[in-house]
Each structure stands twice: as structure tokens, then as C-alpha cells.
Amino acid sequence: MDSFVRARPIRSVHRMIRLTELTKRYGPTTAVDGLTLELRPGHVTGFLGPNGAGKSTTMRVILGLDAPTSGTTLIDGKPYARLSHPLRTIGALLDAKAVHPGRTGRDHLRVLARSQRIPAARVAKVLELVGMTTAADRRAGTYSLGMSQRLGIAAALLGDPQVLMLDEPVNGLDPDGVRWIRTLLRSLAAEGRTVFISSHLMSEMEQTADRVVVMGRGRLIADASMADLLAAAETGSRVRGPALRPLAHAFAGARLDDDGALLVPGAPPREVGARAFALGLEIHGLEAIGSSLEDTYMRLTDDEVQFPAAAKEIGQ
Amino acid sequence: MTATAAPARPVRDHRRPLGLRDAVAAELIKLFTVRSTWWFAGGLQALLLLMAVLDDGGPTSARSLTVGLTAVSYFGQYIVAAFGLLVITSELATRSITVTFAATPSRGRVMVAKAVVTGIAGLVLGGVATALGVGTAAARHGELPRVLGDAAEQVAATGVYLGLLAVVSLGVGALVRRSAGALTCMVLLLLVVPEVLHLAAERLDEPLLDTFAGWTPAQAGWQLMSGRWEYVLVLVAWAVAAVAAGIGVLRSRDA
């Protein structure tokens, strides 16, 4: 009965972020150019793109920190400024170092809790959740980047929000921390929350996100599920066998790798296998080469890399 | 379903929209959780006590009152100005203003909350420091019972002046956005502008400029601390104008 009450179609009406034709210019520079995007609950959406692609700007506009030049951003159907309890609706971490260095981590969270009328007991809870209990009474200026990130994540979780938006959350975390945040973000999404994270670590994103949004030069390049994006990239084959020279001649670009296996880019195993059969060749192994998200990302953003310092990015 | 985050259960009615009171309460916690607040309070108090011990106050009927007046006008007000502007410039410098605006999207509400807390803090710090300073001086000169009534009025007037001055300084901090720049502007406003106006009045033989000089915050403050309470209106006007201008700048710019 309980699970019926909390059925998904009702829940998914809310708790999403919707951007419509969002454009943001800083003087002559267009940081975000007509971005239309919908982030749905129950997913970890990875936000990828080279420096200056407009990721941080997009997040700043969603939070109402920067005013859009045109277009709208809505959270739960409202602009950020109209949310009645912003931190209980969306928790965000944009810049881990944006904390008064003289205030302790605990006091930083106490300020935020009071501003949203969140009970003070919640502060100790989120500090424990991010593993910062022992460091909580030190001044924030003494924190390492990893500790600042944990405090920022604690602040994002403080209001138990249904939407989480984190800019480079694994930045500065140790391997344990990276694994911890991966598990945390996935479980938050599994609870039906909307999780939106940007990262430069493609391999990390591949393990955490199930949807991917790629931006380049302020424009949307891709908006797809991780599975679709990776499947679309799986085009090559790896073949093992005693005498593969005739097969190598049959495909342009085929080459032997260091292990003596034949790599055939651009041809799926079905095609390579059929050709080997036709040539009467003995085959010991045949597999698809899945291109990693990183390869796919590099190909997608190949033309879109903007040289640094062109756009306003947090953390530069 | 993992219970990563237990639902927050607010004590007070959490459906009621957040208001100025919540923003003020948050700013109050901020005030008490940085060391700089105590540095300013301690510095102002030390200054007043030092002057009470060292300054004779000159040949007046109430030496202790003169000591309090000069200590605040010559030195103390700059400490309070620095305190007021740092309330906003420290957040702008550390970018923690983005966290503040994320929690309270109305920039007007943030600024008004800061003004309330900064003004009350300036009033309390200024009042306590003056009371102890003037009291010490009065005890030292053996004036205590005779000047008690006037001293009480001066303490109140000084508290009101320093509270309003802290708010003016907060507004200037929001306008200028940098600690060093805002402090320079405050020194110019308190010290240099009235002097220049007085000099110009003399040179041009234009008494109106003297009147304008009397309306600058420091000179209005001097009048107020000397018992001319109508100058509260001048200082309130400065505070309102500075905060309004600060809100205008915070609204018009990306955080």
C-alpha cells in the first residue's frame, strides 16, 4: 500500500529541472547558447563538456546566482527565486571553497539550517553522513579540498532535497571518497531524486551516471542514456587466431595490437566473423571493442573545445 | 531504498514561507561564529578604556564626556566602519555570498537582514564600550554622580550613532564590493569629504557648503553624541540610502 501511494508517475511531475532556450552572455562571450534540457527524477545525469562549455554557468543560472540573458530555468515548475524553501527543494554544491575560512564547518551548516528553518539536529546528521564529524569543529580555512567537498555535499544534503546538483563533486576526493560519493549519488537517485553532476573524470562518470548531457561551446551536443551513448560507440572488433593476415587485408585500418590480436575499427563482430568464415579462417576469439565514454566524449567534443578563459567558469 | 538521508523534520511549521526573521536569525549566527566580531568588540573597548585612562578631556565641566566623544570621533568610528563593511565584503571575497543567496534568493531580504544584525551589533558594541569608557573616565575624574544623567544620554546617542554608521558602512561595502576599497571610501566619507567641504566653504565664501559638511555621517554623529538628537534623521537617511544602493548593486549583478 505504501509503495502504491508513492507511485512514480505522481512523483515525477515534480522534482525535475527544466531549462528552456536558456542563453547567457557575458559581454561578447556567449557562455550558454539556447540550451533546452529536462532532468528527470530517479536518474544520475552526468554533465560533460570541455572547460568553457558552459556547465558551471548553467548551474549558476539554475540557482538564480546569474540572471539568464534569455530563456527560463524551472525547478518543480518554479524559478529558483520563487521556491518557498530553496535548500529543501534543491541542494547544490558549486564551489567547495566558497565558505568563510574563519567559521567552523558545523557553524557554516548551522547558519544554513537556521535560514531554512531546518532543525539543528539535522546538522550533526549530515556531518556524520559525509564523514566530517571529527573535523566539524575546525575552521573551514584549515580544510583540504577533499574536506571542503565533503562539507559542501553535507550542505547540499542538509535540506533533504529531492533535487541535487553538484559541480565536480569528486574533485579533490581520495579513492575512498570517490567510491563513497558514487554509492551515495546512486542511492539518492534510486530513492527517486533528481541527481545532476558535472565532472571532468569520464571514467568516473561512466560508473556513476545513467544519463549523459554533453555540452560544447554553450550548446547541447548530446542528451542520451549512458547505455545508448556507449552502444552507439561500439563499432570495432578484436579478433584472435593463428593466421589472420588475409582478414587484415580485407578491412581498411585493421592492425595488430601488442598481444597479437587483430583490431578492426569500424566493423562489428558480425561483419568480421562473416568475412573470416568466407575466407575459411580459423578464429579463436572475436569480440566487440566498446569505446569508452571518454573516447565517445572526445569524439563528440572534438570540434567544440574552446580555449580556456573565454567563458566564466567557477573555480578558475 | 537505502535510508541515506532521513527526512528533515522541522520543529516549527515548515510549510510557512521563510521570511526576514529566518534571514536575520541566520545572520545572527554568522555574526557570533567568526572571530573578527570579537576582535572589533575588543578593539573598540580597549580603545575607549585606554583613552579614559590617558586623556584628561581638557578644561571642561564634564571631562569624562569629552573623553568619550573624542575617542569615538577620532578613532572608534573607524573600527565600527571596518566592522560594518566586512559583514558583506568578507562574503563577496570568499564567494560564500553564493551560498547565502542560494539559501535566501531575495537579495533585498539578505541585505535588510544584514542591516538589522549589523545595526544592532554596532549599537550594542558602541553602547557598552562607551559606557565602560566614560564610566572609567568619570570615576577617575571624580565626576561620577554629577555627570550620570548626561553620560547615560551620551552612551545611548553613541550607540545609536555607531549602529547607524555600521549600517552605512555595510551599504558602502555592498556598493564597492572589496574590503580595501570600501574602507578607503569610508575614511574619505568620514574624514576627508567634510574637511574638503569646509575648506571650499571658506574659499568660496559659501556657508551652504558648511551645512553640507555638517550632514556628513561623522559630523552628524558628533552632533548626535553631543546631545542634538535631530541629527538621527540625517544618519537614518544615510543608512537607508546606503542599504538601498547596496541592494541595487547586489540585484543588478551576477553573484
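Above this text you will find the structure in question.
Residues numbered from 1 in each chain as written. Chains lettered and ligands numbered in written order. Predicted model: local features only at pLDDT ≥ 70, side-chain atom pairs only at ≥ 80, totals over all residues.

1. What about the overall build of chain A?
Reasoning step 1: Each helix and strand in chain A was counted, giving 13 helices and 13 strands.
Reasoning step 2: Residues classed as buried in chain A amount to 46% of the 316 residues present.
Reasoning step 3: For chain A, long-range pairs separated by at least 24 residues make up 72% of all intrachain contacts whose partners lie at least 6 apart in sequence. (Helix = DSSP H or I, 4+ residues; strand = E, 2+ residues; numbered from the N terminus. Buried ≥ 20, exposed ≤ 12 C-beta atoms within 10 Å, placed from the backbone. Contact = placed C-beta atoms within 7 Å.)

2. As for the overall build of chain B
Reasoning step 1: Scanning chain B for helices and strands turns up 10 helices and zero strands.
Reasoning step 2: N-terminal to C-terminal, the α/β element order of chain B is α-α-α-α-α-α-α-α-α-α.
Reasoning step 3: Reported as C-alpha extents along the three principal axes, the dimensions of chain B are approximately 80 × 45 × 30 Å.
Reasoning step 4: Of all 255 residues assigned to chain B, the portion counted as buried reaches 46%.
Reasoning step 5: Within chain B, counting contacts between residues at least 6 apart in sequence, those at least 24 apart form 79% of the total.

3. Quick word on the nonpolar core
Reasoning step 1: Grouped together as the largest cluster of nonpolar side chains are 144 residues, with contacts concentrated most on Ala-154 and Leu-158 of chain A together with Leu-85 of chain B.
Reasoning step 2: The element that contributes the greatest number of residues to this core is helix α6 (residues 144-176) of chain B, accounting for 16 residues.
Reasoning step 3: Contacts of Leu-85 of chain B, omitting those with residues within four sequence positions, involve Ser-169, Leu-170, Val-172, Gly-173, Ser-179, Ala-182, Leu-183 and Met-186 of chain B.
Reasoning step 4: Counting residues in hydrophobic clusters, the runner-up holds nine residues, among them Val-239, Leu-262, Val-264 and Val-272 of chain A. (Core = buried A, V, L, I, M, F, W, Y, C linked by C-beta atoms within 7 Å.)

4. A look at the interface of chain B and chain A
Reasoning step 1: Listed by partner, the interface residues are 38 residues for chain B and 42 residues for chain A.
Reasoning step 2: Secondary-structure elements contributing two or more residues to the side of chain B that touches chain A are α1 (20-32), α2 (35-54), α3 (63-94) and α4 (97-103) of chain B.
Reasoning step 3: The greatest single-element share of the side of chain B that touches chain A, amounting to six residues, is contributed by α1 of chain B.
Reasoning step 4: When the residues that make up the side of chain B that touches chain A are grouped by side-chain class, the tally is 20 nonpolar, 11 polar and seven charged. (Nonpolar A, V, L, I, M, F, W, Y, C, P; charged D, E, K, R; others polar.)

5. Side note on the sheet that holds strand β13 (residues 285-289) of chain A
Residues and elements named next belong to chain A.
Reasoning step 1: The sheet built from four strands is open, its strands ordered β11-β12-β10-β13 with antiparallel pairing. If you trace the sheet from one side to the other, it starts and ends with β11 (255-256) and β13, each paired once.
Reasoning step 2: Looking at chain direction, strand β10 (residues 236-240) and strand β12 (residues 262-264) are connected through three bridges and run antiparallel. When the sheet's bridge partners are listed, Ser-237 is paired in β12 with Val-264.
Reasoning step 3: In the packing of helix α12 (residues 269-279) onto the sheet, the strands contacted are β10, β12 and β13, and the crossing angle to β13 comes to about 150°. (Pairing = 2+ DSSP bridges. Axes fitted to C-alpha atoms, helices over the stretch in contact; angles between N-to-C directions.)

6. Notes on the pairing of strand β8 (residues 211-216) of chain A
Residue and element names in this part refer to chain A.
Reasoning step 1: With six of six residues buried, β8 is to be regarded as a mostly interior element.
Reasoning step 2: By the bridge criterion, four bridges tie strand β3 (residues 44-48) to β8 in an arrangement that is parallel. Note on β8: the bridge partner recorded for Phe-47 is Val-213.
Reasoning step 3: Two strands pair when backbone bridges link them, and β8 and strand β9 (residues 219-225) are joined in this way by six bridges, in the antiparallel orientation. Residue pairing across strands places Gly-216 opposite Arg-219, the latter belonging to β9.
Reasoning step 4: Hairpin connection of β8 to β9: two residues between the antiparallel strands, including Arg-217 at a positive phi of 50°.

7. Thoughts on the packing of α1 of chain B against helix α5 (residues 107-141) of chain B
All names here are of chain B.
Reasoning step 1: Contact geometry for α1 and α5: axes closest at 8 Å, N-to-C directions at 50°. With respect to their mutual orientation, α1 and α5 come out oblique. Crossing handedness for the pair α1 and α5: right-handed. Residues Leu-20, Ala-23, Val-24, Glu-27, Leu-28 and Leu-31 of α1 touch α5, and the partners they reach there are Arg-109, Val-110, Val-112, Ala-113, Lys-114, Val-116, Val-117 and Ala-121. (Parallel < 35°, antiparallel > 145°, perpendicular 65-115°, else oblique. Left-handed = near helix turned anticlockwise from the far one by under 90°.)

8. Details of the sheet that holds β3 of chain A
One key point about sheets: their strands pair by backbone hydrogen bonds, in either a parallel or an antiparallel sense.
All names here are of chain A.
Reasoning step 1: Here we have six strands laid out as an open sheet, ordered β5-β6-β7-β3-β8-β9, and mixed in their pairing. Both outer strands of the open sheet, β5 (90-93) and β9, are each paired with one neighbouring strand and no more. Neighbour-to-neighbour, the strand axes of this sheet turn through a mean angle of 15°, independent of strand direction.
Reasoning step 2: Sheet contacts for helix α7 (residues 145-157): β5 and β6 (163-167); angle to β5, the most-contacted strand, approximately 165°.
Reasoning step 3: Across the sheet, helix α8 (residues 175-190) lies against β3, β6 and β7 (194-198), angled at about 150° from β7, the strand it touches most.

9. Re the environment of Gly-177 of chain A
Residue and element names in this part refer to chain A.
Reasoning step 1: Within the fold, Gly-177 resides in helix α8.
Reasoning step 2: For Gly-177, a count of 19 C-beta atoms within 10 Å translates into the label partly exposed.
Reasoning step 3: Separated by 111 residues in the primary sequence, Gly-177 and Asp-66 place their C-alpha atoms 30 Å from one another.

10. Details of the environment of Arg-182 of chain A
Residue and element names in this part refer to chain A.
Reasoning step 1: Note on placement: Arg-182 falls in helix α8.
Reasoning step 2: Sequence spacing of Arg-182 and Met-205 is 23 residues, and the spatial spacing of their C-alpha atoms is 9.0 Å.
Reasoning step 3: For Arg-182, the residues in contact, after removing those within four places along its chain, are Gln-207 and Thr-208.

11. Let's talk about α3 of chain B
Residues and elements named next belong to chain B.
Reasoning step 1: With 32 residues, α3 extends 45 Å between its outermost C-alpha atoms, agreeing within 8% with the 46 Å of an ideal straight helix rising 1.5 Å per residue.
Reasoning step 2: A maximum bend of about 55° is found in α3 at Gly-76.
Reasoning step 3: For α3, the buried fraction is high: 25 of the 32 residues fall into the buried class.
Reasoning step 4: With its phi angle positive at about 65°, Arg-95 sits one or two positions after the end of α3. (Expected span 1.5 Å × (residues − 1). Bend = angle between axes of the 7 residues up to and from the residue.)

12. A look at unusual backbone geometry
Residue and element names in this part refer to chain A.
Reasoning step 1: Positive phi, close to 50°, is recorded for Glu-21, a residue that is not glycine.
Reasoning step 2: Mapped onto the elements of the fold, Glu-21 is located in strand β1 (residues 17-26).
Reasoning step 3: Positioned with a positive phi, Glu-168 is a non-glycine residue whose angle comes to about 55°.
Reasoning step 4: By secondary structure assignment, the location of Glu-168 is in the loop between β6 and α8.

13. Some details on helix α13 (residues 293-300) of chain A
Reasoning step 1: All of the buried residues in α13 of chain A are Leu-293, Thr-296, Tyr-297 and Leu-300 of chain A. Viewed along the axis of α13 of chain A, the buried residues span an arc of 100°, placing them on a single side of the element. (Arc of directions from axis to C-beta.)

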